[in-house]
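Residue-level structure breakdown
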Amino acid sequence: MNRQVEKLVNGNIAVTIPIRLKYDGHKTVILQPEKVVEALDIETMSPLQEALVQGFQYRDALESGEVSSVSELARKEKQERAFLFRALSLVNLAPDIMEAILNGAEPRAFTLSRLRKGFPDDWNEQRKLFGMA
């Protein structure tokens, strides 16, 4: 992912990450950068990378109207609803954490098993929890 870091005059740091925004008539959502997923080799993806990509695929299926509910998606995917909810929660990770996962650069202790236990919504708290602060 092409990211720019810039130190501002007031001492703060600004991180710029290219994203796509989509407005569906009700809300605006941040879409995953296409080139990141295209760069992954499906054959060699880690379970963590695969779960993150699945989370976005499931979210997109729900938002596009391809399926009308998580229950319908679970039937279609032949998965338990709890599994889908865990996968869907991954789209709420901080962008830099997603980038680290997709690049295979996440800390060794950062596992799919750990993510399934839940994590805070606040991105700064996520970074602290996963040792990426």
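As a starting point, this report considers the structure included with it. Just so you know, these numbers come straight off a predicted model, no measurement behind them.

Even without being glycine, lysine 78 reaches a positive phi, approximately 55 degrees. Among the secondary structure elements, lysine 78 is positioned in the loop between helix H3 (70-77) and helix H4 (81-89). Using a relative accessible area of 74% as the deciding quantity, one classes lysine 78 as exposed.

The next thing to look at is the packing of aromatic side chains. Here the structure, examined in full by the defined rule, presents two aromatic pairs. By way of ring pairs, the aromatic residues Phe110, Phe119 and Phe130 are connected into one cluster.

What the rule picks out here adds up to five salt bridges. Arginine 127 is the salt-bridge partner of aspartate 96, the closest N and O atoms lying 2.8 Å from each other. Within this pair, whereas aspartate 96 is found in helix H5 (residues 95-102), its partner arginine 127 is found in helix H7 (residues 123-129), the two being separated by 31 residues in sequence. One network of salt bridges, with partners in common, ties together Arg59, Asp60 and Glu63.

Criteria and thresholds
- Residues numbered from 1 in each chain as written.
- Predicted model: local features only at pLDDT ≥ 70, side-chain atom pairs only at ≥ 80, totals over all residues.
- Heavy atoms only, no water.
- Helix = DSSP H or I, 4+ residues; strand = E, 2+ residues; numbered from the N terminus.
- Buried < 20%, exposed > 50% of the residue type's maximum accessible area, 1.4 Å probe, protein only.
- Phe/Tyr/Trp six-rings, centres within 6.5 Å; stacked < 30°, edge-to-face > 60°.
- Salt bridge = Lys/Arg side-chain N within 4 Å of Asp/Glu carboxyl O.

So far we have only geometry, and geometry alone does not tell us how the molecule works.
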